[in-house]
Every structure is written in C-alpha cells, then in structure tokens.
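Coordinates in review
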Amino acid sequence: MKPIQKTVRQEREKQVGKQPHFERKDRKNAVNSDIKSTPKAKAAKPSRQSTVEGEKLQKVLARAGQGSRREIEAMIAENRVSVDGKMATLGDRIDVHSGVKVRIDGRIINLQQAQKEVCRVLMYYKPEGELCTRSDPEGRPTVFDRLPRLNGARWIAVGRLDINTSGLLLFTTDGELANRLMHPSREVEREYSVRVFGQVDDAMLARLRKGVQLEDGPANFKEIKFAGGVGINQWYDVTLMEGRNREVRRLWESQGIQVSRLIRIRYGNIKLMKGLPRGGWEEMDLENVNYLRELVGLPPETETKLDVTKPRRRPKSGQIRKAVKRYTELSKRYKK
C-alpha cells in the first residue's frame, strides 16, 4: 500500500490546529508570509490615473474665456461652479472630451467649443474716469462698455489701471495667457509716462531705483528717464516689473512728490499705438499675439480672426471721441 503523501500546507494546518489560540494566530501569519515569498506574478495595483486625469478645472475654464484662473478659483470657493450636477472644489480635474457638464451660476459652459476658441488680444486706450470692472453698482463707465461683443467667450483684462490712470490696457479671450502675463514671477515690464509735481533731485531718483519700503513690501523702478518739462512740473518715463495697486503713485509719494498725470505706454514690447484715441481699441495681429504667448511660455497660436487679405482698419477717431464724450459728464461727478 502506497504511503499517503501530504502537502506541506496540509501538514502545517494540522500542526496549527494543535496550538493554543495565540500560537495559531502567529503560525497563520508565518504561513501567509511563506506563501507571499513564493515567486509569482505581481498583482496589478489599481491605477490612480482616474483621480488625476484631465486638467485642473480653473485652467480649463480660464482657457474657455470665463475669467482668469484667480477669478475662477474665487467662483469655485463661492460654490458657483458645478461639475455634472455636483459642486466643484478647488483641485478638481476634468477631461473636456468626456462629455462632462460644467455650469457657472447654473449656466452650462460649452467646453468643446471653448477648446477651439482662437486666442485674441485687444489693445485698448483707457481714458481717465473708467473703472476696470465688468459692472459698477453706481453706474459709472467701465473699460468693457465699448469692447466688441463675443459669442462663447468673453474679454479678460490683463491687469488693471485705477480710475485716474489712462493708457494701454490689454484684453484677451485666453484666461491662461491673462493669468501668466499678470503673475509677478513672469516679470513682464510695464512702462508709464508720469507727470510729477514737486522738486525732484538726483538723490531721490537714486532711492527710487534702489528701492523703498511700501505698505505691502519693498518696491523700485527698474528704469527712470527724464522726458521733459520745466520747473516743478516734469515728465518721467518709469519702468516696473510688476503691477501692484497704485504702485507708481505710491513710489513717488514716498518721496513727497505728487503725481498729477499717469499714462501706461508699454506692456512688454507692446507699445500704445500712435493715433489710437482714448476709448478706442485695436485687435492685435498674429505676430504680436504670439509674441505675448512666447513671453510667458505658451505655445503659438495658429489662427487669427483678423482678415489678413484686407488692409488694417484705421481707428474711427470721430466715432470713438463721440462715444467717449457721452461719459465725460458722468465721470466728472466721480472725480471730485
């Protein structure tokens, strides 16, 4: 009669059955350890790709022209954005090709159309007396009042100018471009022409170049150039690497000098176009759009809404001046 061959596992199970409860538990762990040590194919770990698939929600909506990333993050924090019927949270990611439904204030956003939206940039000559906001509860004029209307997108202001400052203001349909152009880490130059009232000396200019302490930290002008004027009314062209609130005015005021007029004349290498009247806008060509995109590390745009077969239109100065005049009396009330 042949001896009965027992497997190693059966033998071990028999021995385990004779041990006290706590010893059986230890032996069971040992058996499991032996089993795990035997070479076999590793089980595939569940992929985490599903949790990080797609792009950040605020980035997608910014590219769709729904605002800058900072503005959209504020909307998400205020529970104004939903994804497939659920309130979005900061850090959510979505795949725009998966049929996901995103709503802002209950209004559905066409993400497929947004992915095809051409990056457009406007140059606008902001007059004094206009606010850099979409609407004002007091009914004051805003920089958005006379911009061309869009379908499926909206204009986003690249930075701000205070109500008493005029000059170059850029608008774009690409929220990511706007966000990068405004971010201090990009150090995009802004140049202003400023008329100051007071006695300016070399020691004062040296301090402004080196840096002075403001309420929100140190600040300085990268460059200061004398631009004309006599007596105590003089013009200077000054360059900054960031766009803090009223920074030009506060720098001069730190030296006891009053700013009587302030005009932004350059953003990066984009200069305020000669002949563009206050309150007028001009859409930028593909070359200048791609200059701005390259400046902040974005891929070039390949399309433009401008008709390149026709000569560039000349600003309709007469019509624009009439439009600006309509706001003159209204804005005067708020300058007092």
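Each remark here, short or long, concerns the structure printed above.
Summary of the structure given here. Numbering of residues starts from 1 in every chain and runs along the sequence as written. For this predicted model, a pLDDT threshold of at least 70 governs which residues receive local features, and a threshold of 80 or more governs which side-chain atom pairs are given and counted, while totals over whole chains, interfaces and linings are taken from all residues. To obtain the side-chain values, all non-hydrogen atoms of the structure were used and water was disregarded.

**Structural notes on the packing of aromatic side chains**
For Phe, Tyr and Trp, where Trp contributes only its six-membered ring, two rings pair if their centres lie within 6.5 Å, and the inter-plane angle classes them as stacked under 30 degrees, edge-to-face over 60, or tilted in between. Going through the model one piece at a time under the given rule, you end up with five aromatic pairs. Between F144 and F171, the ring centres sit 5.4 Å apart and the planes meet at 75 degrees, which makes this aromatic pair edge-to-face. Taken as a pair, F144 in the loop between β7 (121–126) and β8 (156–158) and F171 in strand β9 (residues 166–172) lie far apart in primary sequence, 27 residues in all. Of the two residues, F144 and F171, both sit in the buried class. Secondary structure elements follow DSSP: runs of H or I no shorter than four residues count as helices, runs of E no shorter than two count as strands, and numbering proceeds from the N terminus. Categorising residues by exposure relies on relative accessible area from a 1.4 Å probe, with only protein chains included: less than 20% of the type maximum marks a residue as buried, more than 50% marks it as exposed, and the intermediate range marks it as partly exposed.

**Comments concerning the nonpolar core**
To form a nonpolar core, buried Ala, Val, Leu, Ile, Met, Phe, Trp, Tyr and Cys residues must be joined to one another through side-chain atoms within 4.5 Å. With 34 residues, the main nonpolar core has F171, F221, Y236, V238 and W252 as its most contacted residues. Residue assignment for this core shows that the elements contributing at least two residues are β7, β9, β10 (190–197), α8 (202–210), β11 (212–214), β14 (233–240), α9 (247–253) and β15 (258–267). When neighbours within four sequence positions are excluded, V238 is seen to be in contact with R190, E191, Y192, V194, F221, E223, I224, V248 and W252. Membership of the second largest hydrophobic core comes to 21 residues, among which are L168, A178, L181 and L272. What makes two residues a contact is simply this: any of their non-hydrogen atoms within 4.5 Å.

**What about the environment of P127?**
Considering the arrangement of structural elements, one finds P127 in the loop between β7 and β8. Each C-alpha atom, one on P127 and one on T142, is 9.9 Å from the other, the two residues being 15 residues apart in sequence.

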